[in-house]
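Results of the structural survey
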Amino acid sequence: MIGAGEIRRIVFGCGNFGGLGSSPALRGRGDDRERALALLDHARNLGFTRFDTANTYGGGFSETVLGEWLGRQDSAFRARIEVATKVGNPIGCPDGERPLSRAQVARHLDESLRRLGLDRIALYYLHEFDRSTALEETLEALGRALETGKIASFGVSNATLGDLQTVLRLATGPLAAAFTHVQNGFNRLETGDLEGVIPLAHERGVRYVAFSPLAGGLLSGKYQLDRPPPPGARLDVAPALYEHLLNPATFEAIADLQSHAAVHGWSLPGAALRFVLDTPGVDSLIVAPRSLEQFEAYAIGA
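An account of the accompanying structure is given in this report. (Residues numbered from 1 in each chain as written. Predicted model: local features only at pLDDT ≥ 70, side-chain atom pairs only at ≥ 80, totals over all residues. Heavy atoms only, no water.)

Here we take up the sheet that holds strand β2 (residues 50–52). Reading around the circumference, β1-β2-β3-β4-β5-β6-β7-β8 is the order of the eight strands in this closed barrel, with parallel pairing throughout. Sheet twist, expressed as the mean angle between neighbouring strand axes with direction ignored, is 30°. As judged from the three bridges shared by strand β4 (residues 123–126) and strand β5 (residues 154–157), these two strands associate in the parallel manner. Residue pairing in the sheet places Y125 in a bridge with G155 of β5. Packing of helix α4 (residues 102–116) onto the sheet brings it into contact with β3 (82–87) and β4, and relative to β3 it is tilted by some 140°. Sheet strands in contact with helix α5 (residues 135–147) are β4 and β5, and its direction is about 165° off that of β4. (Pairing = 2+ DSSP bridges. Helix = DSSP H or I, 4+ residues; strand = E, 2+ residues; numbered from the N terminus. Axes fitted to C-alpha atoms, helices over the stretch in contact; angles between N-to-C directions. Contact = heavy atoms within 4.5 Å.)

The next subject is unusual backbone geometry. The backbone phi angle of N158 is positive, close to 55°, even though this residue is not glycine. Position of N158 relative to the elements: it lies in the loop between β5 and α6 (161–170). With a phi angle near 50°, A215 is a residue other than glycine that sits in the positive phi range. Topologically, A215 is positioned in the loop between β7 (207–211) and α9 (234–237).

Quick look at helix α11 (residues 268–277) now. Counting buried positions along α11 gives nine out of ten residues, so the element sits mostly inside the fold. Listed as buried for α11 are L268, P269, G270, A271, A272, L273, R274, V276 and L277. Residues of α11 that are buried sit in contact with β1 (10–13), β7, α10 (248–264), β8 (282–287) and α12 (292–297). Among the residues of α11, the N-terminal cap falls to S267, whose side-chain oxygen and the backbone nitrogen of G270 are separated by 2.9 Å. (Buried < 20%, exposed > 50% of the residue type's maximum accessible area, 1.4 Å probe, protein only. Polar contact = N/O pair within 3.5 Å; in protein donor to acceptor, adjacent residues only side chain to side chain.)

It is worth spelling out the pattern of salt bridges at this point. Between side chains of opposite charge, pairing is possible as soon as their charged atoms come close. Summed over all chains, the structure comprises 19 salt bridges. Here K86 and D52 are joined by a salt bridge, their closest N and O atoms 2.5 Å apart. With K86 in strand β3 and D52 in strand β2, this residue pair connects regions lying 34 residues apart in the sequence. Exposure class is identical for K86 and D52. Each is buried. Among the ionic pairs, R131 bridges to D163, the shortest N-O distance being 2.8 Å. Of this pair, R131 sits in the loop between β4 and α5 while D163 is found in helix α6, placing the two residues 32 residues apart along the sequence. Three or more residues are tied together by salt bridges with common partners; here these are R50, E82, R207 and D283. (Salt bridge = Lys/Arg side-chain N within 4 Å of Asp/Glu carboxyl O.)

Following the criterion strictly, the structure yields one cavity of 30 Å³ or more and no others. The computed volume of the largest cavity comes to approximately 40 Å³. V11, R50, D52, E82, A84, L123, Y125, H181, Q183, V209 and I286 are the residues that line the largest cavity. Listing elements by their share of the lining of the largest cavity, those giving two or more residues are β2, β3, β4 and β6 (179–185). Classifying every residue of the lining of the largest cavity gives six nonpolar, two polar and three charged. (1 Å grid on protein atoms, 1.4 Å probe; cavity = no way out; pocket = protein on both sides within 12 Å on 5 of 7 lines; lining within 4 Å. Points joined across faces, edges and corners; volume = space filled by probe spheres on them. Nonpolar A, V, L, I, M, F, W, Y, C, P; charged D, E, K, R; others polar.)

Looking at α6, one finds that the buried residues are D163, L164, V167 and L168. Buried residues of α6 fall within an arc of 130° about the axis and therefore sit on the same side. (Arc of directions from axis to C-beta.)

All right, on to the packing of aromatic side chains then. Within this structure, the stated rule accounts for eleven aromatic pairs. Ring geometry for F51 versus F77: centroids 6.5 Å apart, planes at 75°, classification edge-to-face. Within this pair, whereas F51 is found in strand β2, its partner F77 is found in helix α3 (residues 75–80), the two being separated by 26 residues in sequence. Grouping residues by exposure puts F51 and F77 together as buried. Centre to centre, the rings of F186 and Y208 are 6.2 Å apart; their planes meet at 90°, and the pair counts as edge-to-face. Separated by 22 residues along the polypeptide, F186 in the loop between β6 and α8 (197–203) and Y208 in strand β7 bring together distant segments of the chain. In this structure, F186 and Y208 share a single accessibility class: buried. Among the aromatic residues, those joined into a ring-pair cluster are F12, F17, F48, F51, W69, F77 and F295. Directly above the aromatic system of F77 lies the positively charged group of R44, at a separation of 4.0 Å from the ring centroid. The ring centre of F275 lies 5.9 Å from the NZ or CZ of R188, which sits over that ring. (Phe/Tyr/Trp six-rings, centres within 6.5 Å; stacked < 30°, edge-to-face > 60°. Lys NZ or Arg CZ within 6 Å of the ring centre and 35° of its normal.)

This is a description of form; function is not addressed.
And the structure:
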């Protein structure tokens with residue numbers, strides 16, 4: 001269902017390496033080094049060329065293991081891939097500092113380059129907006145990184161419509177041309193960006209990347225209303241992230257999607273990914289499979 005020609009629209013997410021996202025409480029609950037390397041090898045074999053991580057995923061482990069894997073790859077492959085990482089998650093900021101201050105951006109950028117083993121990051125995201133730092137200061141830091149060749153482009157994540165409008169207004173000159181991506185949560189159950197962010201990004205030539213296309217696994221079909229989640233599943237270890245979706249309307253929507261999938265002979269997660277990819281204005285989506293079997297369930301490379 002997602003053939004070789006569409007792999008360019010699928011980004012391999014490394015957010016489960018060493019933990020589940022950035023949370024210190026969930027470090028050690030994600031993929032260990034051996035599994036992470038095996039998943040990356042499989043992703044390459046399927047034709048993936050876009051990889052997404054962050055400086056705080058697994059407390060830095062995600063960047064480190066991705067960097068180890070990149071160091072094993074041939075130069076031709078390294079030359080044609082896109083590696084994205086992020087800065088600005090408050091978890092990675094020392095007490096008393098501001099996550100997206102000029103100094104913190106410079107410091108974390110250098111640390112990410114070191115862990116990834118890269119001279120330049122293709123796509124550098126502001127992970128979250130730092131309301132304590134003037135955006136002008138953060139953009140100045142990104143402009144400096146662009147001038148020195150440490151980044152090739154930048155994007156924003158977890159952005160509201162107002163955030164996107166402000167960045168578009170303040171990023172001028174070379175920085176305006178370098179503002180290429182917005183990465184937000186979007187899936188069959190969470191479609192708020194249809195009302196503003198996606199249309200504006202499309203209008204201004206900013207590529208929209210959807211994370212959490214399976215809504216934390218709800219669209220995988222493994223959960224049922226009023227029943228405990230499987231042990232170790234994301235809703236088991238991090239329920240607070242998805243409590244707002246645990247209601248009858250969500251499971252009615254899942255049943256509708258399941259029926260749609262059955263008509264087409266698709267898996268439920270495959271249909272969920274198809275929904276995102278077929279949404280006008282969506283450039284690509286991020287998947288983070290934790291086993292080779294999940295690649296197959298998503299119908300990637302089929």
